[in-house]
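# Analysis of the macromolecular model
Chain by chain, the residues run as shown.
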Amino acid sequence: AEGAGAGPRLAELLATGRRLWEEVETGAEPSSGAPAVQDKVRQGLDALQRAAAMVAQLDLFSENEELEEIASADLKYLLLPALLGSLTLKQVDLSRRLEHLESARAHFWRFLKLCRSYGLGSFHLPPASPPGEEDTGSPSPGGPAAAQPSLVAMASSRQAKIERYKQKKELENRLASMRTFVESGQADEDQIREFYILQIQKWINTSLEEIESIDQEMVILRSRGTAKQSSAPPHGTSRQVRAPLKPFILTRDAAQAKVFGAGYPGLPTMTVDDWYEQRRRQGVVSGQSAPQRTPGITDEELQKQQQEKQEEEDDEEALQKARNWDDWKDTHPRGYGNRQNMG
C-alpha cells in the first residue's frame with residue numbers, strides 16, 4: 001500500500017467527515033431531523049464520499065494483500081465505508097427511506113468484506129443483498145420439524161449478540177484510554193497501529209448490528225408497501241368523486257322561489273323540479289325519480305294546481321287551529337298562567 005500517497009487532502013477529508021459524524025452522533029440537538037443536523041449529515045457524506053473516491057483511485061487496499069502490508073497511517077481509511085453507512089442512515093427523508101437503507105447496507109457490507117479479506121475479526125459475513133420479499137413470510141416446507149434448526153440459529157444468534165456487546169464495551173474502554181495518548185502525537189507506530197485496528201474491530205461489531213437492523217426494517221417497509229397496494233381499489237373501480245352541494249333554498253314552485261330569493265339574496269333558490277333536474281345531470285338520481293306530471297299540462301297550470309291545493313291545505317290548517325284555540329279558552333280563564341304581577 002501507499003502510505004505517502006494518501007496525502008494531506010485525503011486525511012483532511014476523512015477528519016472532516018469523521019468530525020461531522022461525531023457531532024451528529026453525540027449532538028445536543030433534540031431531533032435528528034433538525035436542519036442544522038441534516039446539514040452536517042450532508043456535509044459529512046460529501047467529505048467521506050470524496051475521500052472514498054480518492055482511496056479507490058489511489059488503490060490503497062487490495063483483497064489479495066495481507067494486513068501487514070498496509071501502512072499504519074493508511075489503516076484509518078479502512079473505516080470510510082462504515083462511516084458512510086452510519087451517516088447514510090441518519091438521513092430523515094421518509095420517502096427515500098428504503099433507498100437509504102439499501103445504500104447504507106451496501107456500505108457496511110463492503111467494509112465487512114474488506115475486513116474479512118484482511119483477516120480482521122472473526123465473524124460470519126452477512127449475505128451481499130438483503131432478504132428478498134419472496135423469502136419473507138413464506139411457510140417452511142418441512143413444517144414443525146424444519147423449524148427446529150431455526151430455533152438453534154436464533155439461540156446462536158443471541159449468543160453472538162451477547163459476545164459482540166461484551167467485545168464492543170471492552171473495545172470502547174481500551175480506545176478511550178488510548179485516544180488522548182495517540183492524538184497528542186506521543187504514541188509510536190505500533191501503538192498507532194493497535195489504536196486503528198481496535199477502531200476497525202469496534203466498527204465490525206457496529207456494522208453487523210446495523211445490517212441486522214436494516215434487514216428487519218426493510219422487511220417491515222416492504223410489507224407495508226404491499227399492504228398499501230393491496231388495499232388500494234383496482235383501477236377504474238373507485239367511486240366517482242362528486243362536488244359537494246352548495247347551500248340553497250328548496251321551494252315548491254317558481255312563485256315561492258321569487259319570494260325566498262328576494263328575502264335571502266345570499267342563497268340561491270331552486271324548485272323541486274330544478275333540483276331533480278340538476279341531480280339527474282350529475283348522475284345521482286335517475287330520470288324516473290323526478291315527480292311525475294300529467295302529459296299536456298303546462299308549467300303555469302301545474303303551478304296553479306299546486307297553489308290551489310296549498311291554499312286548501314292552509315285553510316284546513318287555519319280552521320283546525322281556530323277550533324283548538326276555542327277549546328282551550330273554554331277550559332282556561334283569562335290570565336291563566338300569568339304569575340308576573342302577583343303582589
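In the block above lies the structure referred to throughout.
Values in this document were obtained by computation on a predicted structure and should not be read as measured data.

## Brief notes about the overall build of the protein chain
The secondary structure content of the protein chain amounts to nine helices and two strands. The order of α-helices and β-strands along the protein chain, N terminus first, is α-α-α-α-α-α-β-α-β-α-α. Out of the 343 residues belonging to the protein chain, those deemed buried represent 27%. When the accessible area of the protein chain is evaluated, it comes to approximately 23,300 Å², of which 52% is carbon and sulfur surface.

## Regarding the nonpolar core
One finds F61, L78, F111, L120, I200 and I204 to be the most contacted residues of the largest nonpolar core, which totals 55 residues. When residues of this core are traced back to their parent elements, those giving at least two are α1 (7-25), α2 (35-58), α3 (80-89), α4 (97-117), α5 (144-183) and α6 (189-231). Considering each element in turn, this core owes the most residues, eleven residues, to α6. Among residues more than four places away in sequence, those in contact with F111 are L78, L79, P81, A82, I200, W203, I204 and S207.

## Looking at the packing of aromatic side chains
If you walk through the whole model with that rule in mind, you get four aromatic pairs. Relative to Y196, the ring of F195 has its centre 5.9 Å away and its plane inclined at 50°; by these criteria the two rings are tilted. The same class applies to F195 as to Y196, namely buried.

## So, α2
Residues that lie three or four places apart on an α-helix share one face, since the helix turns once every 3.6 residues. Over its 24 residues, α2 extends 35 Å from the first C-alpha to the last, a length consistent with the 34 Å expected when each residue adds 1.5 Å. Inspection of α2 places V37, Q38, V41, G44, L45, A47, L48, A51, M54 and V55 among the buried residues, and these make up the whole buried set. Within two residues after α2, D59 carries a phi angle of roughly 55°, on the positive side.

## Considering the side chain of R193
As for its placement among the helices and strands, R193 is situated in helix α6. For the buried R193, which has no salt bridge, the nearest side chain bearing the opposite charge is E189, at an N-O separation of 5.0 Å. The contacts of R193, once residues within four sequence positions are left out, are L67, E68, I70, A71, S72 and L75.

## Notes on the packing of α4 against α6
In the contact formed by α4 and α6, the axes pass within 9 Å of each other and the chain directions differ by 150°. In the packing of α4 onto α6, the handedness of the crossing is left-handed. Each residue belonging to the contact of α4 with α6 can be placed in one class, and the counts come to 16 nonpolar, one polar and seven charged.

## Digging into the side chain of D215
Position of D215 among the secondary structure elements: in helix α6. Classification of D215 by relative accessible area gives buried; the value is 14%. With residues up to four places along the chain from it excluded, the contact list for D215 reads R105, P130 and P131.

## Structural notes on the packing of α3 against α6
Packing of α3 against α6 leaves a shortest axis separation of 11 Å and a crossing angle of 40°. Here α3 is positioned oblique relative to α6, judged by the angle of their axes. Two packed elements cross with a definite hand, and for α3 against α6 that hand is left-handed. On α6, the residues touching A82, L83, S86 and L89 of α3 are W203, S207, E210 and I214.

## Describing the environment of G17
For G17, the position within the fold is in helix α1. The class of G17 is buried, set by a relative accessible area of 0%. Among all residues touching G17, those that are not within four sequence positions of it are G44, A47, L48 and L87.

## Comments concerning α3
Of all ten residues making up α3, ten are buried, and the element is well covered by its neighbours. What α3 keeps buried is the set L80, P81, A82, L83, L84, G85, S86, L87, T88 and L89.

## Focus: a nonpolar patch on the surface
A surface patch of nonpolar side chains, about 390 Å² in accessible area, is lined by W325, W328 and Y336. As for its position among the elements, W328 is in helix α9 (residues 299-331). According to the relative accessible area criterion, W328 is partly exposed, its value standing at 39%.

## Here we look at a negative patch on the surface
Taken together, the side chains of E308, E311, E312, E313, D314, D315, E316 and E317 make up a negatively charged region of the molecular surface. Structurally, E311 is set in helix α9.

## Examining the pattern of salt bridges
Side chains that differ in charge, positive against negative, can pair when their charged atoms come close. By the definition in use, this model includes 14 salt bridges. Across the pair R50 and D46 runs a salt bridge, and its minimum N-O distance is 3.7 Å. In this pair, R50 and D46 are both assigned in helix α2, four residues apart and thus about one turn of the helix distant. Residue classification places D46 among the partly exposed positions, given a relative accessible area of 39%.

Conventions used here
Residues numbered from 1 in each chain as written. Predicted model: local features only at pLDDT ≥ 70, side-chain atom pairs only at ≥ 80, totals over all residues. Heavy atoms only, no water. Helix = DSSP H or I, 4+ residues; strand = E, 2+ residues; numbered from the N terminus. Buried < 20%, exposed > 50% of the residue type's maximum accessible area, 1.4 Å probe, protein only. Areas by Shrake-Rupley, 256 points an atom, 1.4 Å probe, with all protein chains shown as cover. Core = buried A, V, L, I, M, F, W, Y, C linked by side-chain atoms within 4.5 Å. Contact = heavy atoms within 4.5 Å. Phe/Tyr/Trp six-rings, centres within 6.5 Å; stacked < 30°, edge-to-face > 60°. Expected span 1.5 Å × (residues − 1). Lys, Arg positive; Asp, Glu negative; His and termini not counted. Salt bridge = Lys/Arg side-chain N within 4 Å of Asp/Glu carboxyl O. Axes fitted to C-alpha atoms, helices over the stretch in contact; angles between N-to-C directions. Left-handed = near helix turned anticlockwise from the far one by under 90°. Nonpolar A, V, L, I, M, F, W, Y, C, P; charged D, E, K, R; others polar. Parallel < 35°, antiparallel > 145°, perpendicular 65-115°, else oblique. Patch = residues over 30% accessible without salt bridge, like charges linked within 9 Å, V, L, I, M, F, W, Y side chains within 5 Å. Charge placed at Lys NZ, Arg CZ, Asp CG, Glu CD.

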